[in-house]
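Structural description and commentary
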Amino acid sequence: VQLQASGGGLVHAGGSLRLSCVASGTIFSIYNMALAWYRQAPGKERELVAGITMEGYIKYAESVKGRFTISRERAKNTLFLQMNNLKPEDTAVYFCNASLFSHNYWGQGTQVTVSS
């Protein structure tokens, strides 16, 4: 499984970005996978931002609840992360992650920078 993330950029605080992660190289749909977005800020450990199970259960980190929305689109085999009301502390490299049959896959990361 290959994951291609995109959509990062530089925004002012209060702005919005939408991240995308396209899955390819597999006959399986993203609906057969547990999916998640993680982020890693400089000098910090990678942390879970949002996840969605195959059944559609969703969880968010407390720091992003009410501001970020994770979703998936079957036809495009794509995972999304809509990020609203961005804050400087959201600045990080964002990674998409997929789990399929106990194998874990990572996208290459996309930089999100929020200026104050």
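Scroll up to find the structure this text is about.
The following refers to the structure shown. Owing to the predicted nature of the structure, the values given are computational and were not obtained by experimental measurement. Counting restarts for each chain, with residues numbered from 1 along the sequence as it is written. Note on the predicted model: pLDDT of at least 70 is required for a residue's local features to be given, and 80 or more for side-chain atom pairs to be given and counted; whole-chain, interface and lining totals, by contrast, use all residues. Remark: hydrogens and water are excluded; side-chain values derive from all non-hydrogen atoms of the structure.

**With respect to the pairing of strand S8 (residues 78-83)**
To be explicit about the condition: Think of it in three bands: residues with accessible area under 20% of the maximum for their type are buried, residues over 50% are exposed, and the middle band is partly exposed, with areas taken using a 1.4 Å probe on protein chains only. Under the scheme used here, helices are H or I runs from DSSP no shorter than 4 residues and strands are E runs no shorter than 2 residues, and both carry numbers assigned from the N terminus. In short, DSSP must find at least two bridges between two strands for them to pair.
A large share of S8 lies buried, amounting to five of its six residues. In terms of strand pairing, strand S3 (residues 17-24) meets S8 through six bridges, oriented antiparallel. Among the inter-strand pairings, Arg 18 is bridged to a residue of S8, identified as Gln 82. Across six bridges, the pairing between strand S7 (residues 68-73) and S8 is antiparallel. Considered in S8, the bridge of Glu 73 is made with Thr 78. Hairpin geometry of S7 and S8 is characterised by an intervening segment of four residues between the two adjacent antiparallel strands and by a positive phi of about 45° at Asn 77.

**A closer look at the pairing of strand S10 (residues 103-106)**
Pairing of strand S9 (residues 92-100) with S10, which is carried by four bridges, proceeds in the antiparallel orientation. In the sheet register, Ala 98 faces S10, and the bridge partner there is Tyr 105. Hairpin connection from S9 to S10: two residues lie between these consecutive antiparallel strands, with Phe 101 at a positive phi of about 50°.

**Some remarks on the nonpolar core**
Put simply, the rule reads: The term nonpolar core refers to a set of buried residues drawn from Ala, Val, Leu, Ile, Met, Phe, Trp, Tyr and Cys, joined through side-chain atoms within 4.5 Å.
Formed by 31 residues in total, the largest nonpolar core has its most connected members in Trp 37, Val 49, Phe 68, Leu 79, Leu 81, Met 83 and Tyr 94. Taken together, the elements giving at least two residues each to this core come down to strand S1 (2-6), S3, strand S4 (34-40), strand S5 (47-52), S7, S8, S9 and strand S11 (110-115). No other element matches S9, which puts five residues into this core.

**So, the state of the cysteines**
Our working rule: The criterion for a disulfide is a pair of cysteine sulfur atoms lying within 2.5 Å.
The tally for this structure, following the rule as stated, stands at one disulfide. A sulfur-sulfur separation of 2.1 Å characterises the disulfide bridge that pairs Cys 21 with Cys 96. Measuring handedness by torsion sign, the sulfur bridge of Cys 21 and Cys 96 sits at about 65° and is right-handed. In this pair, Cys 21 sits in strand S3 while Cys 96 sits in strand S9, placing the two residues 75 residues apart along the sequence. Of the two residues, Cys 21 and Cys 96, both sit in the buried class.

**Quick notes on the environment of Tyr 105**
Stated precisely, the cut-off is as follows: Contact between two residues is taken to exist if any of their heavy atoms lie within 4.5 Å; hydrogens are not considered.
As for its position among the elements, Tyr 105 is in strand S10. Of the residues examined, Tyr 105 reaches a relative accessible area of 22% and is grouped as partly exposed. The spatial distance from the C-alpha of Tyr 105 to the C-alpha of Phe 68 is 22 Å, given a sequence separation of 37 residues. Once you skip the residues sitting within four places of it in the chain, Tyr 105 turns out to touch Val 1, Leu 3, Cys 96, Asn 97, Ala 98 and Leu 100.

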